[in-house]
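# What the coordinates show
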Amino acid sequence: MEFKQLKSFIAVVECQSFTKAAQNLFLSQPSISTHIQKLEEELHSRLIIRTTKNIEITPRGMELYECACEIMKRWDNLLLHWDSETKKIIRLGASTIPSAYILPELLPAYGKEHPGTYFSIHQSNSQDIINRLLQGDFDIGLTGMPSDSSALTSIPFYQDRMVIITPVNDYFLSLKYEEQLKTSSNEPFPVKALLHSPVILREKHSGSRKSAERFLESLNIHEEDLQIAARINDQEAIKNLVAQGLGISILSERAARNFGSEKRVLVFELPANTSRRSLYLIYPKNYMLNPHLQSFASYILQFYADQQGSGVL
């Protein structure tokens, strides 16, 4: 069995045509037919049934298709990884908060000191980044939650906290004034008062959503107790909708910082014991990091350790 045979088989299945598969692979149709025939002979199985009008993939053919796709994906990832080692390309997966608020300050600073390093970046939710690290799609991940897999190492590199943001109106301004009075008197602000309003939530697999759930659990509040106005994946969209008065939201202080400083939303702090959360640097545990990957991972940890020590965070 050869890779070229698997590629031809995958192309035929996906194109549902020997002719189109040959065109896509820049091969002759007889070459495609020969590849399929050799596969069938080696596997002693009929994989594709041709009729005068179309083709039909047999059950064993579909099994082989799924297996072949996985083989070719792993092969492509291996070649990309080896090529990345030579060219100092870092395949980086980042969840929403790191992608939007960490990388824009981190990568320019790192690039000035390491001009020969380049990044291939994919943004998704935290769980997807972790899953794809396990699949070998990324070298390093930055997420809003740690991995529970023994195959990955998770290191906290940034201390964040959750806050509640609300529209700027008379009702919430009065609560903000009450919060300031209680802060000055060292009394806890009753954050439950905010949760009588419609709430905009993040998607289930985000680190921010899990942190918000932990906060609500500390107040013995369940999702069914909330007036859920919307569920949105995009952090910027959530802030804009809150600013327009759709509802309130629980999200990262780092994400809320710009809207709060511009007075577009009101920001309410949550109790420290329930609002703190970390962002995580994640990489494969049993995979020896290459020098440029080690350099980048060390730089991340030192960059934010220095900022935290100087009080910038």
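Summarised in this report is the structure supplied together with it. (Residues numbered from 1 in each chain as written. Predicted model: local features only at pLDDT ≥ 70, side-chain atom pairs only at ≥ 80, totals over all residues. Heavy atoms only, no water.)

Counting its regular elements, the chain contains twelve helices and eleven strands. For the chain, whose C-alpha radius of gyration is 26 Å, the value lies well above the compact-globule estimate of 20 Å for 313 residues. Dimensions of the chain, computed from C-alpha atoms along their principal axes, come out at roughly 85 × 45 × 35 Å. Taking the intrachain contacts of the chain between residues at least 6 apart in sequence as the baseline, contacts between residues at least 24 apart amount to 73%. (Helix = DSSP H or I, 4+ residues; strand = E, 2+ residues; numbered from the N terminus. Rg over C-alpha atoms; globule rule 2.2 N^0.38 Å. Contact = heavy atoms within 4.5 Å.)

In this section: the packing of helix α2 (residues 18-25) against helix α3 (residues 29-43). Their axes nearest at 8 Å, the elements α2 and α3 cross at an angle of 105°. Our classification of the angle between α2 and α3 gives roughly perpendicular. Of α3, the residues touching α2 (which contributes F18, T19, A21, A22 and L25) are Q29, I32, S33 and I36. Classifying every residue of the contact of α2 with α3 gives six nonpolar, three polar and no charged. (Axes fitted to C-alpha atoms, helices over the stretch in contact; angles between N-to-C directions. Parallel < 35°, antiparallel > 145°, perpendicular 65-115°, else oblique. Nonpolar A, V, L, I, M, F, W, Y, C, P; charged D, E, K, R; others polar.)

With that settled, consider the nonpolar core. Formed by 36 residues in total, the largest nonpolar core has its most connected members in L106, I140, F157, L281, F296, I300 and Y304. Listed by contribution, the elements that provide at least two residues to this core are β3 (89-94), α5 (96-113), β5 (140-143), β6 (152-166), α9 (235-243), α10 (253-261), β11 (276-284) and α12 (291-310). (Core = buried A, V, L, I, M, F, W, Y, C linked by side-chain atoms within 4.5 Å. Buried < 20%, exposed > 50% of the residue type's maximum accessible area, 1.4 Å probe, protein only.)

A word on the packing of aromatic side chains. Applying the stated rule across the entire model yields ten aromatic pairs. Pairing F157 with Y304 gives two aromatic rings, centres 5.6 Å apart and planes at 55°, and the pair type is tilted. Pair noted here: F157 is in strand β6 and Y304 is in helix α12, with a separation of 147 residues, a long-range link. Comparing F157 with Y304, the two get one shared label, buried. Among the aromatic residues, those joined into a cluster by ring pairs are Y110, F119, F157, Y158, F296, Y299, F303 and Y304. Lying over the aromatic face of F18, R50 brings its terminal NZ or CZ to 3.8 Å of the ring centre. (Phe/Tyr/Trp six-rings, centres within 6.5 Å; stacked < 30°, edge-to-face > 60°. Lys NZ or Arg CZ within 6 Å of the ring centre and 35° of its normal.)

Take a nonpolar patch on the surface next. On the surface, F3, I71, W75, L78 and L79 cluster together to form a nonpolar patch covering roughly 380 Å² of accessible area. In terms of residues, the nonpolar patch owes the most to one element, helix α4 (residues 59-87), which gives four residues. Relative to the helices and strands, I71 is located in helix α4. The class for I71 is partly exposed, based on a relative accessible area of 32%. (Patch = residues over 30% accessible without salt bridge, like charges linked within 9 Å, V, L, I, M, F, W, Y side chains within 5 Å. Areas by Shrake-Rupley, 256 points an atom, 1.4 Å probe, with all protein chains shown as cover. Salt bridge = Lys/Arg side-chain N within 4 Å of Asp/Glu carboxyl O.)

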